[in-house]
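Structural overview for review
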Amino acid sequence: MVTGYEFAQAVVSGLFIGATYAVLSVGFSLTWGVTKVINLSHCVFALVGAYIAYWLLVLHGIDPLLSLLIAIPLLFLLGIAMHQFLIRETSKRTKDITSASMILTFGIIIIVENLLSYFCKADPRLITTSYTGKSFLLSGVAFPITSLISLALAAVTIAAVYLFLHRTYTGKAVQAVWQEREGAMLSGIDVDRVTAITYGLALATAAVGGICMALMYSITPTIDFTWLIFVFLVAIVGGLGSVIGAAVGGLIIGLVIGLCSAFIPLSLVNLVLFIMLIIVLLVRPAGLFRR
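Residues numbered from 1 in each chain as written. Predicted model: local features only at pLDDT ≥ 70, side-chain atom pairs only at ≥ 80, totals over all residues. Heavy atoms only, no water.

**A few points about the pairing of strand 1 (residues 135-138)**
- For strand 1 and strand 2 (residues 141-144), the ladder comprises four bridges, and the chain directions are antiparallel. The partner of L137 across the bridge, within strand 2, is A142.
- The hairpin formed by strand 1 and strand 2 contains two residues between the paired strands, and S139 there has a positive phi angle of roughly 55 degrees. (Pairing = 2+ DSSP bridges. Helix = DSSP H or I, 4+ residues; strand = E, 2+ residues; numbered from the N terminus.)

Here it is, written out as structure tokens:
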């Protein structure tokens with residue numbers, strides 16, 4: 001029988017992992033919603049961000065939080081380059097960008113994973129800092145420092161993306177392209193520039209998500225596939241293109257994982273998640289926060 005402390009711990013742990021999945025999903029949801037591109041390689045670039053943090057710590061002693069100052073701009077530029085040289089060129093040659101993008105980005109996954117396996121080896125890597133493994137107790141419930149840091153990073157990142165989309169001209173242009181692409185073009189918006197910025201923003205948030213995951217769990221060159229499954233779940237449950245949807249969807253998925261882990265065998269958690277996904281698709285196919 002699950003005690004009250006175990007239940008509370010399950011809820012707290014679920015919120016921590018849910019927040020991380022939320023920040024991992026927000027960029028994936030944006031690119032899918034704005035450009036109809038399903039970027040399967042989103043999580044492998046999050047993994048690149050995680051490895052950047054790991055190697056900067058191991059080789060130069062740079063704290064993972066400071067490595068964000070390197071990983072975020074680097075992944076932002078990589079996202080713009082990905083759009084300009086791959087996604088845009090592919091869209092010129094196909095009428096079905098959704099299917100073509102899935103094939104293209106799956107190829108990117110294979111390339112990046114092989115590069116990571118070659119240069120970083122397949123051994124699990126764990127970011128170990130002075131605060132790793134430390135936590136404080138509140139009413140008998142443990143709050144790991146690394147999880148609290150990840151929660152804070154996720155909250156700040158999601159809030160920043162939301163404010164960017166709703167308080168800046170470029171962010172409003174992104175929403176305009178999202179809602180009516182041809183209308184945005186006719187109103188003078190540089191759709192190509194806006195779309196490139198969207199990709200840069202998506203991979204920048206992926207870098208944050210990857211580092212958050214690396215603070216809490218070990219990483220390997222193929223762990224991105226596991227992350228991708230949950231990112232899909234969050235994006236579909238929350239609603240494509242919705243920042244609030246990604247945040248709420250991530251927390252819902254995290255709570256389900258945490259609570260199910262406390263009450264049922266771990267092997268059945270994914271079964272519960274996908275049953276929930278089917279119910280959401282039947283009741284509200286566009287997600288909980290339809291745009």
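Structure shown, so let's carry the discussion forward.
**A word on unusual backbone geometry**
- We note that K36 has phi near 65 degrees; this positive angle belongs to a residue other than glycine.
- The topology assignment puts K36 in the loop between helix 1 (4-35) and helix 2 (42-60).
- Judged by its relative accessible area of 45%, K36 is partly exposed.
- A positive phi is found at S139, a non-glycine position, where the angle reads about 55 degrees.
- Turning to its location among the elements, S139 is positioned in the loop between strand 1 and strand 2.
- S139 gets classed as exposed once you look at its relative accessible area, which sits at 62%. (Buried < 20%, exposed > 50% of the residue type's maximum accessible area, 1.4 Å probe, protein only.)

**Some points on the packing of aromatic side chains**
- If you walk through the whole model with that rule in mind, you get ten aromatic pairs.
- With a centroid separation of 6.3 Å and 65 degrees between ring planes, the pair formed by F7 and F263 is classed as edge-to-face. Here the residue F7 occupies a position in helix 1, and F263 occupies one in helix 10 (residues 243-263), the gap between them amounting to 256 residues.
- With a relative accessible area of 40%, F7 lands in the partly exposed category.
- Geometrically, the ring pair formed by F106 and F225 is tilted, given 6.5 Å between the ring centres and 55 degrees between the ring planes. Residue F106 is found in helix 4 (residues 97-120), and its partner F225 is found in helix 9 (residues 224-238); the two are separated by 119 residues along the sequence.
- The exposure class of F106 is partly exposed, given its relative accessible area of 41%.
- For F225, a relative accessible area of 34% translates into the label partly exposed.
- An aromatic cluster of three or more residues is present, and its members are F16, F136 and F143.
- The ring of Y118 has K121 sitting right over it, with the charged end atom 5.7 Å from the ring centre. (Phe/Tyr/Trp six-rings, centres within 6.5 Å; stacked < 30°, edge-to-face > 60°. Lys NZ or Arg CZ within 6 Å of the ring centre and 35° of its normal.)

**Some details on the packing of helix 2 against helix 9**
- Here helix 2 crosses helix 9 at 125 degrees, and the two axes come no closer than 8 Å. Judged on the interaxial angle alone, helix 9 and helix 2 are oblique. Here helix 2 and helix 9 pass one another in a crossing that is right-handed. Seen from helix 2, the contacting residues are C43, V44, A46 and L47; seen from helix 9, they are D224, W227, L228 and V231.
- In the contact of helix 2 with helix 9, the residues fall into seven nonpolar, no polar and one charged. (Axes fitted to C-alpha atoms, helices over the stretch in contact; angles between N-to-C directions. Parallel < 35°, antiparallel > 145°, perpendicular 65-115°, else oblique. Left-handed = near helix turned anticlockwise from the far one by under 90°. Contact = heavy atoms within 4.5 Å. Nonpolar A, V, L, I, M, F, W, Y, C, P; charged D, E, K, R; others polar.)

**Here's the deal with the side chain of S147**
- Mapped onto the elements, S147 comes out in helix 5 (residues 145-167).
- Of the residues examined, S147 reaches a relative accessible area of 9% and is grouped as buried.
- Discounting chain neighbours no more than four positions away, the residues touching S147 are F16 and M216.

**Here's the deal with helix 3 (residues 64-92)**
- Between its first and last C-alpha, helix 3 extends 39 Å over 29 residues, near the 42 Å set by a 1.5 Å rise per residue.
- Along helix 3, the sharpest kink reaches roughly 40 degrees, centred on H83.
- Turning to helix 3, the residues buried within the fold contact helix 2, helix 4, helix 5 and helix 8 (191-216).
- N-capping of helix 3 is provided by D63, with a side-chain oxygen placed 2.8 Å from the backbone N of L65. (Expected span 1.5 Å × (residues − 1). Bend = angle between axes of the 7 residues up to and from the residue. Polar contact = N/O pair within 3.5 Å; in protein donor to acceptor, adjacent residues only side chain to side chain.)

**Topic: the nonpolar core**
- Y21, F45, W227, I253 and L273 are the most contacted members of the largest nonpolar core, which has 88 residues in total.
- The leading source of residues in this core is helix 8, at 14 residues. (Core = buried A, V, L, I, M, F, W, Y, C linked by side-chain atoms within 4.5 Å.)

**Section: helix 9**
- Its 15 residues give helix 9 an end-to-end C-alpha distance of 20 Å, which sits within 8% of 21 Å, the value for a rise of 1.5 Å per residue.
- Buried within helix 9 are the following residues: D224, W227, L228, F230, V231, L233, V234, A235, I236, V237 and G238.
- In this fold, the buried residues of helix 9 make contact with helix 1, helix 2, helix 4, helix 8, helix 10 and helix 11 (269-283).
- Positive phi shows up at G239, right after helix 9, with a value of about 110 degrees.

**Details of the pattern of salt bridges**
- Counted under the stated rule, the structure contains four salt bridges.
- For E89, the salt bridge identified is with R88, shortest N-O distance 3.8 Å.
- Judged by relative accessible area, which is 24%, E89 ranks as partly exposed.
- For R88, a relative accessible area of 25% puts it in the partly exposed group.
- When the shortest N-O distance is used, the salt bridge between E89 and K92 registers 3.5 Å. Within this pair, E89 and its partner K92 are both found in helix 3, separated by three residues, close to a single helical turn.
- For K92, a relative accessible area of 58% corresponds to the exposed category.
- The network of salt bridges with shared partners includes R88, E89, K92, R93 and D192. (Salt bridge = Lys/Arg side-chain N within 4 Å of Asp/Glu carboxyl O.)

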